[in-house]
Amino acid sequence: MLKPVYDFAKQLLNLARDTQKNSSDIKELQKQVEVLTDRVVRLSFDLERYRESDKQDREMQLLRLENALLRFERRLPAAPSTDDTAI
């Protein structure tokens, strides 16, 4: 008669211990999710910043190329004039 009561009490204590362990595991997992979320937000911010930086770099390279072409065109001798009316 005492055996079923003992088994029930044992099972109840095991369930209480498991519940407490699960609660602490859940808290640890929540902390990990918060850390991962912060890292993802930071990575997203960094990625956006790098995209903007790359865009600015491309624009700067394009401007430098245009400037180089303009300088080169200024150094070319003037094209000989062709007067078609003289014929």
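Structure: above.
Given the structure is predicted, the values throughout are model-derived calculations rather than measurements. (Residues numbered from 1 in each chain as written. Predicted model: local features only at pLDDT ≥ 70, side-chain atom pairs only at ≥ 80, totals over all residues. Heavy atoms only, no water.)

A.B. asks: Explain the overall build of the protein here, please?
C.D. replies: Helix and strand counts for the protein stand at one helix and zero strands. Taken over C-alpha atoms, the radius of gyration comes to 38 Å for the protein, far larger than the 12 Å a tight globule of 87 residues would show. With the principal axes as the frame, the protein shows a C-alpha extent of 130 × 20 × 10 Å. A buried classification covers 0% of the 87 residues belonging to the protein. Approximately 9000 Å² of the protein is accessible, and the part contributed by carbon and sulfur atoms is 60%. Here the protein carries 16 positive and 16 negative side-chain charges, and the mean point of each set is 11 Å from the other. (Helix = DSSP H or I, 4+ residues; strand = E, 2+ residues; numbered from the N terminus. Rg over C-alpha atoms; globule rule 2.2 N^0.38 Å. Buried < 20%, exposed > 50% of the residue type's maximum accessible area, 1.4 Å probe, protein only. Areas by Shrake-Rupley, 256 points an atom, 1.4 Å probe, with all protein chains shown as cover. Lys, Arg positive; Asp, Glu negative; His and termini not counted. Charge placed at Lys NZ, Arg CZ, Asp CG, Glu CD.)

A.B. asks: For this particular structure, what's the right way to read the packing of aromatic side chains?
C.D. replies: The relative placement of two aromatic rings is captured by the distance of their centres and the angle of their planes. Scanning the model with the defined rule gives zero aromatic pairs in all. Of note, R49 hangs over the ring of Y50, and the distance from its end group to the ring centre comes to 5.5 Å. (Phe/Tyr/Trp six-rings, centres within 6.5 Å; stacked < 30°, edge-to-face > 60°. Lys NZ or Arg CZ within 6 Å of the ring centre and 35° of its normal.)

A.B. asks: Can you help me understand the pattern of salt bridges in this one?
C.D. replies: Oppositely charged side chains can pair when the atoms bearing their charge come close. Summed over all chains, the structure comprises four salt bridges. Linking R17 and D18 is a salt bridge whose minimum nitrogen-to-oxygen distance equals 3.6 Å. D25 is the partner of K21 in a salt bridge, and the nearest nitrogen-oxygen pair spans 3.0 Å. With K21 and D25 both in helix α1 (residues 2–75), this residue pair falls four residues apart, about one helical turn. (Salt bridge = Lys/Arg side-chain N within 4 Å of Asp/Glu carboxyl O.)

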